Amino acid sequence: MPDGRNGGTLTIAHISDLHCGAPDFVASLLERAISEINDLAPDVVICSGDLTTFGFKYEYAEARGYMDRIDCKSVVVIPGNHDSRNVGYVHFEDMFGERNSVLRVPGLTVVAVDSTEPDLDHGQIGRGRYRWIEEQFAEAEPDDLRIFVLHHHLLPVPGTGRERNVVYDAGDCLECLSSRRLRGKTRPCYNVIEIAERHVDVWRKYPFHGEERIIQFSTETLAFEKYTARIEDEVTTRS
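Residues numbered from 1 in each chain as written. Predicted model: local features only at pLDDT ≥ 70, side-chain atom pairs only at ≥ 80, totals over all residues. Heavy atoms only, no water.

1. Brief notes about the overall build of the protein chain
Next, step 1: For the protein chain, the count of helices and strands is 5 helices and 12 strands.
Next, step 2: Residue burial in the protein chain is summarised as follows: out of 239 residues, 48% are buried.
Next, step 3: In the protein chain, once contacts between residues fewer than 6 apart in sequence are set aside, the share between residues at least 24 apart is 66%.
Next, step 4: When the accessible surface of the protein chain is summed, it comes to about 12200 Å², and 49% of that surface belongs to carbon and sulfur atoms. (Helix = DSSP H or I, 4+ residues; strand = E, 2+ residues; numbered from the N terminus. Buried < 20%, exposed > 50% of the residue type's maximum accessible area, 1.4 Å probe, protein only. Contact = heavy atoms within 4.5 Å. Areas by Shrake-Rupley, 256 points an atom, 1.4 Å probe, with all protein chains shown as cover.)

2. Some words on unusual backbone geometry
Next, step 1: With phi around 55°, Ala41 is a residue other than glycine that occupies positive phi space.
Next, step 2: Its location among the elements puts Ala41 in the loop between helix H1 (27-40) and strand S2 (44-47).
Next, step 3: The class for Ala41 is partly exposed, based on a relative accessible area of 25%.
Next, step 4: Even without a glycine there, the phi angle at Asn86 is positive, about 50°.
Next, step 5: We classify Asn86 as partly exposed; its relative accessible area is 39%.

3. Looking at the sheet that holds S2
Next, step 1: Pairing is mixed in the open sheet, where 7 strands are placed in the order S3-S2-S1-S9-S10-S11-S12. Each of the sheet's edge strands pairs with one partner strand only, and the pair in question is strand S3 (75-77) and strand S12 (224-226). Neighbour to neighbour, the strand axes of the sheet diverge by 15° on average, direction disregarded.
Next, step 2: Packed on one face of the sheet, H1 meets strand S1 (10-15), S2, strand S9 (190-196) and strand S10 (199-205) and runs near 10° to S9. (Pairing = 2+ DSSP bridges. Axes fitted to C-alpha atoms, helices over the stretch in contact; angles between N-to-C directions.)

Set out below in structure tokens:
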């Protein structure tokens, strides 16, 4: 059962694709996102890869500097395909540690894996890791929310031009996880997951441009409600 810092609610912030070193990298957006995340005081922060653009050491140093500004004791970071370019996975291990990890906090188990292949855009989990993944989740407390983290897609994301950016063994991995994919096309944003008792809210937050709740569901019944309204320039008032 959740036992987070925010009045009994377990709060998770999810960011991805920082792409430090890219020509179109916008520092102010990332700085704003970090400021908003710190204001939330989340229990866990998850960064699901592509911290860099070419996997160069100086890009990793820049990304490390930004991540160090996040005020959270429980941070999960994995590499993405851009991070595995030019032996970038070596720099990842030097600056961020293991590329596969497990985080356990009261009410939550996070299993994160590196799905990348050196110097290739595609990825895979690999059958050799299925048993390990199953074992980590099996050790979770019965009421824990279980989150699996990887950079690549497990299902194609429609309308994004990334329909082929799916791990080769996605089908077997989905069978291992019995997971449901609920992501769509977005503008620059990060996610916040709030778990209270057996109710989960997922918010999408746009730096400088407000937020929207995209789904809520019960961990008991799995009944869910999706939201399609897009927040542009105003900040919503939570109900």
